[in-house]
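Spelled out from the first residue to the last, the chains are:
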Amino acid sequence: MSNHILIKEKINNFKKKINVASDKSISIRSILLASQAVGVSKISNLLESEDVLNTLKAIKKLGINYKKKSGDYFIEGFGLNNFNIKKKITINAGNSGTLARLILGLLVKSKFKIRLIGDKSLSKRDFSRVIKPLRLFGVNIHSRKNSLPIEILGTDYLRPISYNEKIGSAQVKSCIIFCALNTPGTTQIKAKKSRNHTEQLLKSLNYPIKVNKVNNIDKISINGLSQFKSFKHIIPGDISSAAFFIVLTILSSNSEMIIKNVNINESRIGIITILRRMGATIKLKNKKIYKGENIANIFIKSSRKLKGINCPSYLNSSAIDEFLIIFLVAAKAKGISTFKNLGELNKKESPRLDIALKSLKMMGIKVERKKDNIKIFGNPNLEITKNINIEKYLKDHRVFMMACIAALSFGGKWKIADKDSINTSFPLFLDILKSLGAKIN
Ligand code: S3P
């Protein structure tokens, strides 16, 4: 079966209420924490994408049983560090940086060696960012080039650390928090702001974790070795998946959309702040709080008068997975948009900054780059009439989805490879587009 799609027509005039994929970050964290809880946890509306299914496979390999009943997942944990393995095992994290980095923090007391591997894309990614703090805790961890495969052998002699997390990476912060759960004493982290779902989940379990916010830094302290009971969690929609439909609606004429039940945690909604400043109409309705997480329906309308933005870099981490799609709005806005310090984008599932700039140039948009700072020269009359071929880019789900939205918003004849990459985070992406009237072959 062919793994590319063809889009030859723009889409306009839709008015629709949709649900998007469940939150990937919260799905992965809920499974991993359920594996450490005492008793059977129930997780509802879990994202059934490859990254999350790989997380379920990983805990199963570690001797944790789960079953699915009437759409809900039931996971039986035996408390902290009670994995049940009797020999060396291999865990395959597939494409998921989140799974690979977070689970390392839970393997730090394993009596047998554990080998962690991943797909081609994950094997190119940097793991020094988690290897370094784990070694400070006293963990035995080996890798040849600070990348996968990694071997980890647990120890009973973990010591708490004080760590300054300067990247603004939630994966690094969460790996340290997970290791701290298994470590006696109090671990302190000074973390540049990033998504805080791990902290919220632990707080909702009454785990002894404290967070003090000081400007753009979170000062976190965690007491280790405190057991927690099993829990129930209902996973909300993922703003990173909603992002594609938010932008599609903004860029299409005469269209409106409501995206129901989306997580709008303050550390994730950089895209909303940025697009509003660019002139988009986005409203958050029916707001509620569930276990410390803010949730709302997102209402979006076509926006005719978009303007360029000088995007402050303090918003980078809260929009880290959304820049590809934000760039499409910048391409159609009046004036120049500037974005700074976006080097982290090249450390994702593919070198996203390089790919985004290459794709924008293919669309006829002028871009300039100095180191990790970029300028996009918007064109409010942007209409593509030529053929565009987006080939394989290490099978990056967000690159594929960005290209689909560009094709449906700007026209042209697009051939986009790696359809299957959507299974990483948003398996129903193309089905939802088709339900809006998109013609996709
Ligand atoms: C994630 C954190 C982010 C993000 C990734 C999911 C998480 O990565 O890009 O898609 O769930 O913790 P970094 O922490 O490396 O920025």
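Please read these numbers as outputs of a predicted model, since none were measured by experiment. (Residues numbered from 1 in each chain as written. Predicted model: local features only at pLDDT ≥ 70, side-chain atom pairs only at ≥ 80, totals over all residues.)

## Thoughts on the packing of helix 8 (residues 239–251) against helix 12 (residues 397–410)
And then number 1: For the pair helix 8 and helix 12, interaxial distance at closest approach is 10 Å and the crossing angle is 15°. Here helix 8 is positioned roughly parallel relative to helix 12, judged by the angle of their axes. When you trace helix 8 past helix 12, the crossing you get is right-handed. Along its contact with helix 8, which presents F244, V247, L248 and L251, the element helix 12 presents M401, I405, L408 and S409. (Axes fitted to C-alpha atoms, helices over the stretch in contact; angles between N-to-C directions. Helix = DSSP H or I, 4+ residues; strand = E, 2+ residues; numbered from the N terminus. Parallel < 35°, antiparallel > 145°, perpendicular 65-115°, else oblique. Left-handed = near helix turned anticlockwise from the far one by under 90°. Contact = placed C-beta atoms within 7 Å.)

## Description of the pairing of strand 15 (residues 256–263)
And then number 1: Examined bridge by bridge, strand 2 (residues 15–18) and strand 15 share 4 bridges and lie parallel to one another. Bridging across to strand 15, I18 finds its partner in I259.
And then number 2: With 6 bridges connecting them, strand 15 and strand 17 (residues 293–301) associate as antiparallel partners. Looking at the pairing, V262 lines up with A296 of strand 17. (Pairing = 2+ DSSP bridges.)

## A few points about the pairing of strand 7 (residues 114–117)
And then number 1: Side-chain alternation along strand 7 places I114 and L116 on a buried face and R115 and I117 on a face that remains uncovered.
And then number 2: Note that strand 6 (residues 89–92) and strand 7 share 4 bridges and pair parallel. Bridge pairing links T90 to R115 in strand 7.
And then number 3: Once you follow strand 6 into helix 3 (residues 97–104) and on to strand 7, the crossover reads as right-handed.
And then number 4: Sheet analysis places strand 7 next to strand 9 (residues 150–153), joined by 3 bridges and oriented antiparallel. When the bridges of strand 9 are listed, L116 appears paired with I150. (Buried ≥ 20, exposed ≤ 12 C-beta atoms within 10 Å, placed from the backbone. Right-handed = clockwise from strand over helix to strand, strands pointing away.)

## Examining the site of the ligand
And then number 1: Neighbouring the ligand are S25, T98, S169, A170, Q171, S174, S194, R195, I320, D321 and K348.
And then number 2: Here the shell around the ligand gets 3 residues from one element, more than from any other, and that element is helix 6 (residues 170–181).
And then number 3: No fewer than three residues from each of domain 1 (4–22 + 236–435) and domain 2 (24–224) sit in the shell around the ligand. (Near = placed C-beta within 6 Å. Domains from an automatic or database assignment.)

## Here's the deal with the nonpolar core
And then number 1: Counting residues in each nonpolar core, the largest one holds 137 residues, and the members touching the most others are V247, V329 and I405.
And then number 2: Element by element, the count of residues in this core is highest for helix 12, at 11 residues.
And then number 3: Lining this core are residues from two domains, each supplying at least three of them: domain 1 (4–22 + 236–435) and domain 2 (24–224).
And then number 4: Residue contacts for V329: discarding those within four places in its chain leaves V247, I250, L251, L275, M278 and L306. (Core = buried A, V, L, I, M, F, W, Y, C linked by C-beta atoms within 7 Å.)

## So, the domain arrangement of the protein
When the parts come together, some accessible area is lost, and that loss is often what is quoted as the size of the interface.
And then number 1: With domains assigned, the protein is organised as domain 1 (4–22 + 236–435) and domain 2 (24–224).
And then number 2: Inter-centroid distance (C-alpha atoms) of domain 1 to domain 2 is 29 Å.
And then number 3: The partner domain 2 presents 24 residues to the 22 residues of domain 1 that form the contact.
And then number 4: Taken together, the residues of the side of domain 1 that touches domain 2 break down into 5 nonpolar, 10 polar and 7 charged. (Nonpolar A, V, L, I, M, F, W, Y, C, P; charged D, E, K, R; others polar.)

## As for the sheet that holds strand 13 (residues 217–223)
And then number 1: Strand order in this open sheet of 4 strands is 10-11-13-12, and the pairing throughout is mixed. Two strands close off the open sheet at either side, each with one partner strand: strand 10 (162–165) and strand 12 (209–214). Between one strand axis and the next, the sheet turns by 15° as a mean value, whatever way the strands run.
And then number 2: Alignment of strand 10 against strand 11 (residues 186–192), held across 4 bridges, turns out to be parallel.

## Description of helix 5 (residues 128–137)
And then number 1: Every buried residue of helix 5 is listed here: V130, I131, P133, L134 and F137.
And then number 2: On its buried face, helix 5 sits against helix 3, strand 8 (140–143), strand 10 and helix 6.

## Looking at the environment of A330
And then number 1: Its place among the elements puts A330 in helix 10 (residues 323–332).
And then number 2: With 23 residues separating them along the chain, A330 and K307 place their C-alpha atoms 7.7 Å apart.
And then number 3: In this structure, A330 is in contact with G308, S337, I376 and G378, ignoring residues within four places of it in sequence.

## Digging into the sheet that holds strand 22 (residues 387–390)
And then number 1: Sheet architecture is open: 3 strands sit in the order 1-23-22, paired in mixed fashion. Two strands close off the open sheet at either side, each with one partner strand: strand 1 (4–7) and strand 22. Across this sheet, the average inter-strand angle for adjacent strands is 10°, counted without regard to direction.
And then number 2: Relative to strand 23 (residues 413–417), helix 12 is tilted by about 170°, and along the sheet it contacts strand 1, strand 22 and strand 23.

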